[in-house]
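Descriptive structure summary
So you can see what is in the structure, the chains are spelled out below.
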Amino acid sequence: ARISVDLGGGSLHKRGYRMESVEAPMQETLAATILQLADWNGERPLYDPFCGSGTILCEAFMRAGNVPSSYLRKKFGFLRLPDFDATHWNQIKTKANNETKDLPDGLIRGSDLSADAAKAVRANRAELPEIGTIKVRRSDFQSLEGFNSTTIVTNPPYGIRLGNAGEVAELLKEFGDFLKQKCTGSTAYIYYGDKTLVKKLGLKPEWRHELRAGGLDGVLCKYELY
């Protein structure tokens, strides 16, 4: 026999900040894993040109600001254990919450072609501590001026979201040209929900990590932009 105890009391990947969303949002823990693999801790600016409802941006905000991943969670399974010490737990929780740090203005930014996406990012950011800002605007990547010495982390639309393989391929080719021409001195980390799309960008990755999440066999690729 196997006896299990649920210490979480629900799916821990649900941070609690997602008040609004768009189609096919990224799972919070996937975004956190991508940022960890990118080794980004707030040393230089981060930008997401396909930000959607802002999962990558919000996870970056929490990571750089040292915000506990379950900052908004009110209940855990372990609260019902017979030897649970409420006083000790409150001390641990208070200490962790007090160790957040202020973020410089403009550190975390993003954009998306959808007006609903920008609205969703602002609503989700409002649930997090007042330690900094996430700047977001409505724009397609072709209209951006480009980036230097920036960490670009993004999840471009793929087949399941756009529904047209030719459209996806053309979008990625144009995005690859944008990175080559306007983002020298930066590093890009791109997550593809479909591994077959990696070659469509037209850039050779420094490395790749396969990441399975939400039923997708995706892959994260790193690109140094010279």
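Structural data are supplied above this passage.
Residues numbered from 1 in each chain as written. Predicted model: local features only at pLDDT ≥ 70, side-chain atom pairs only at ≥ 80, totals over all residues. Heavy atoms only, no water.

As for the overall build of the protein chain
Helix and strand content of the protein chain: six helices and seven strands. Shown N-terminal to C-terminal, the secondary structure of the protein chain runs as helices and strands in the order α-β-α-α-β-α-β-β-α-α-β-β-β. For the protein chain, the spread of C-alpha atoms along the principal axes amounts to about 60 × 45 × 30 Å. Pairs at least 24 residues apart make up 76% of the contacts formed inside the protein chain by residues separated by at least 6 positions. Element-wise, carbon and sulfur atoms account for 48% of the exposed surface of the protein chain, whose accessible area totals about 12,000 Å². (Helix = DSSP H or I, 4+ residues; strand = E, 2+ residues; numbered from the N terminus. Contact = heavy atoms within 4.5 Å. Areas by Shrake-Rupley, 256 points an atom, 1.4 Å probe, with all protein chains shown as cover.)

Side note on the pattern of salt bridges
Tallied over the full model, the rule gives nine salt bridges. The partner of Lys-95 in a salt bridge is Glu-99, with the nearest N and O atoms 2.6 Å apart. Relative accessible area serves as the criterion here: at 53%, Lys-95 is assigned to the exposed category. The class of Glu-99 is partly exposed, set by a relative accessible area of 39%. In this structure, Glu-224 and Lys-222 form a salt bridge, with 3.4 Å as the shortest nitrogen-oxygen distance. By relative accessible area, Glu-224 is classed as partly exposed at 28%. Each of Lys-173, Asp-177 and Lys-180 takes part in one network of salt bridges that share partners. (Salt bridge = Lys/Arg side-chain N within 4 Å of Asp/Glu carboxyl O. Buried < 20%, exposed > 50% of the residue type's maximum accessible area, 1.4 Å probe, protein only.)

Quick notes on the nonpolar core
Ranked by size, the top nonpolar core spans 59 residues in total, and within it Ile-108, Leu-179, Tyr-192, Leu-201 and Tyr-223 carry the most contacts. A total of seven residues in this core trace back to one element, the largest contributor, which is helix H2 (residues 55-64). The residues touching Tyr-223, leaving out its near neighbours within four places in the chain, are Ser-186, Thr-187, Ala-188, Ile-190, Tyr-192, Val-198, Leu-201, Leu-203, Lys-204 and Pro-205. (Core = buried A, V, L, I, M, F, W, Y, C linked by side-chain atoms within 4.5 Å.)

Regarding the sheet that holds strand E6 (residues 207-213)
Spatial strand order, E3-E2-E1-E4-E5-E7-E6: seven strands in an open sheet with mixed pairing. The outermost strands of the open sheet, each flanked by one partner alone, are strand E3 (135-138) and E6. Averaged over all pairs of adjacent strands, the angle between their axes in this sheet comes to 20°, without regard to strand direction. Two elements, strand E1 (residues 46-48) and strand E2 (residues 108-112), share three bridges in a ladder whose sense is parallel. (Pairing = 2+ DSSP bridges. Axes fitted to C-alpha atoms, helices over the stretch in contact; angles between N-to-C directions.)

Quick word on the environment of Phe-141
When you line up the elements, Phe-141 lands in the loop between E3 and strand E4 (151-154). With a relative accessible area of 3%, Phe-141 lands in the buried category. Considering only alpha carbons, one finds Phe-141 and Asp-112, 29 residues apart in sequence, at a separation of 7.8 Å. With residues up to four places along the chain from it excluded, the contact list for Phe-141 reads Pro-49, Phe-50, Leu-171, Glu-174, Phe-175 and Phe-178.

Things to note about the pairing of E6
Note on strand geometry: in a regular strand, side chains alternate between the two faces of the sheet. Note: E6 against strand E7 (residues 216-224), seven bridges, orientation antiparallel. Note that in E7 the partner of His-209 across the bridge is Leu-220. Once E6 ends, the chain turns through two residues before running back antiparallel as E7, passing Gly-214 with a positive phi of about 60°.

A look at the packing of aromatic side chains
Inspection of every chain in the model, using the stated rule, returns twelve aromatic pairs. Between Phe-76 and Phe-78, the ring centres sit 5.1 Å apart and the planes meet at 20°, which makes this aromatic pair stacked. The exposure class of Phe-76 is buried, given its relative accessible area of 11%. Ring centres of Phe-76 and Trp-89 lie 5.6 Å apart, and the angle between their planes is 75°; this geometry places the pair in the edge-to-face category. Placement of the pair is Phe-76 in the loop between H2 and helix H3 (86-97) and Trp-89 in helix H3, with a sequence separation of 13 residues. These aromatic residues form a ring-pair network of at least three members: Tyr-47, Phe-50, Phe-141, Phe-147, Phe-175 and Phe-178. (Phe/Tyr/Trp six-rings, centres within 6.5 Å; stacked < 30°, edge-to-face > 60°.)

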